[in-house]
Amino acid sequence: MAQPRTNLISHVSDKGMETIEIMVHTAANIPLIENNLPFCFVTGQSKLSINSKDEVEKPNATVPIEGQFPVWNDILFVETLEENALDEELYILLIDESHNKNIAEFRIPWDWFTPFYQYHLELNINLGRKTSETLKLYVSLTRKPSALAQKEFKYYGLELLLTHFDNPVSQKLSLYAVARIVPNYLNYKNTFLKSAESSVMFNSIFFPSPAKNNFKAPSFSMEGRPQVTLATRASSIPIWNHSFMFTSKEEKDAMFNEKLDPAIVIEFFTFSKYNKMWSIKNLLGWCKIKLDQRCGNQLQEDVTMAGLRTEDMLIETDGSLVGQASKYLTAETILRMVPEKCPKKTLNLETPGSLSVLDSYFIFIIIRIKN
């Protein structure tokens, strides 16, 4: 599995443009093609690009993979003009390369997507006589206009960069990371993190006639709004270099609110393949950065506006996850307030070593390994 193209992620589109970022995870029940295994790729297109046949500048297709249950673990970008957004449609196509054959097509009106909200979707389509099983495609989608939304106080949002584990583990792992801001960490931990069923579920959408109500962003709740990464390449040092952005009014209202117990929670899940269904599950552990007023004050100091990094952030374990040559494992993240309405770069481009260190008071990590 290739290392995801996270260096291509940006938080806003170019001026006058909109982008839908598509994380393509996996698919299930792709039918045989003339009694042969399919050799399929996924491509994302706008209605405008399909009609115009113009070349695109950013990657909009995965590599082809053989099998009825392929795992792409890739990211695509579909662009359109902002002025066309109300009339635009997103096309996601599953194509067999060997026969140049369109296997499945998913069409969704562009303006059904709430900007800056990450959807986790199971796209379903019945191919009729071709197979008795419903074809399923699992994707995470984010619509990104050219500017962030409402400004709160001195900032438009909070950016978090998850980099890597600092030292090697004794086994090669492929891990997803899921980040969210929760308004009450203690309630969230007791209700979800301690549950053996903790996961990120993918909402089922049925084609060719999806319902608009299925794309309405849910109300902000104690679960927050999870944002996922792609799975890391299997390695003794998992590397993400993935930048998250929290911009919704509800998330910003929760941050640094002394009446609540807000925190950023980063959860780590093992990579898994399709088995009757698919989700991001098998929680190994999580980390928490407390977002109280003292953290907010430190983040908003002039000398720390470029970001604050965590240092030697401890990963606790019951012994199933151990270092190759060290007793403890540590991980690294970077946080920064975003004062720009149209940020043109992400924390991926910053040099962590030059940043100040976030006070250790705010950092706590637990890793739980299931037997």
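Residues numbered from 1 in each chain as written. Predicted model: local features only at pLDDT ≥ 70, side-chain atom pairs only at ≥ 80, totals over all residues. Heavy atoms only, no water.

Moving on, we get to the sheet that holds strand S8 (residues 135-144). Judged by pairing direction, the sheet is mixed, and its 5 strands sit side by side in the order S4-S1-S8-S7-S11 without closing on themselves. Edge positions in the open sheet fall to strand S4 (71-81) and strand S11 (203-207), since each of these has one partner strand only. The mean angle between the axes of side-by-side strands here comes to 30°, regardless of whether they run parallel or antiparallel. In the sheet, strand S1 (residues 17-28) pairs with S4 via 9 bridges, with the strands oriented antiparallel. Within S4, the position partnered with Met-23 by the bridge is Ile-75. (Pairing = 2+ DSSP bridges. Helix = DSSP H or I, 4+ residues; strand = E, 2+ residues; numbered from the N terminus. Axes fitted to C-alpha atoms, helices over the stretch in contact; angles between N-to-C directions.)

On to the pattern of salt bridges, then. Scanning the entire structure with this criterion turns up 11 salt bridges. In this structure, Glu-311 and Arg-309 form a salt bridge, with 3.1 Å as the shortest nitrogen-oxygen distance. Under the relative-accessibility criterion, Arg-309 is labelled buried at 13%. Three or more residues joined by partner-sharing salt bridges are found here, namely Glu-159, Arg-336 and Glu-340. (Salt bridge = Lys/Arg side-chain N within 4 Å of Asp/Glu carboxyl O. Buried < 20%, exposed > 50% of the residue type's maximum accessible area, 1.4 Å probe, protein only.)

The next point concerns the layout of surface pockets. Gaps left between atoms show up when a probe the size of a water molecule is rolled over them. For the largest pocket, the calculated volume is near 470 Å³. Around the largest pocket sit 23 residues that line it, and Tyr-117, Met-201, Glu-223, Gly-224 and Pro-226 are the ones nearest its centre. Of all the secondary-structure elements, those providing two or more residues to the lining of the largest pocket are strand S7 (118-125) and helix H2 (185-193). A per-element tally of the lining of the largest pocket places S7 first, with 3 residues. Looking at the lining of the largest pocket residue by residue, the class counts come to 9 nonpolar, 9 polar and 5 charged. (1 Å grid on protein atoms, 1.4 Å probe; cavity = no way out; pocket = protein on both sides within 12 Å on 5 of 7 lines; lining within 4 Å. Points joined across faces, edges and corners; volume = space filled by probe spheres on them. Nonpolar A, V, L, I, M, F, W, Y, C, P; charged D, E, K, R; others polar.)

Here the focus is the side chain of Asn-124. By secondary structure assignment, the location of Asn-124 is in strand S7. There is a polar contact of 2.7 Å between the side chain of Asn-124 and the side chain of Lys-136. (Polar contact = N/O pair within 3.5 Å; in protein donor to acceptor, adjacent residues only side chain to side chain.)

Residue Phe-207 is joined to Pro-208 through a cis peptide bond whose omega torsion reads 20°. Here Pro-208 is to be found in the loop between S11 and strand S12 (227-228). Non-glycine residue Phe-256 carries a positive phi angle of around 60°. Mapped onto the elements, Phe-256 comes out in the loop between helix H3 (249-254) and strand S14 (263-270). Given a relative accessible area of 7%, Phe-256 falls into the buried group.

Bringing the packing of aromatic side chains into the picture now. Tallying each qualifying case throughout the model produces 18 aromatic pairs. The interplanar angle of 80° and the centroid separation of 5.0 Å between the aromatic rings of Phe-106 and Phe-207 together place this pair among those described as edge-to-face. You can see Phe-106 sitting in strand S6 (residues 101-109) and its partner Phe-207 sitting in strand S11, a full 101 residues away along the chain. Taking the relative accessible area as the measure of exposure, Phe-207 reaches 8% and is therefore buried. Centroid distance Tyr-138 to Phe-202: 6.0 Å. Interplanar angle 75°. Geometry classified as edge-to-face. With a gap of 64 residues between them, Tyr-138 in strand S8 and Phe-202 in the loop between H2 and S11 connect regions that are remote in the sequence. Given a relative accessible area of 0%, Tyr-138 falls into the buried group. (Phe/Tyr/Trp six-rings, centres within 6.5 Å; stacked < 30°, edge-to-face > 60°.)

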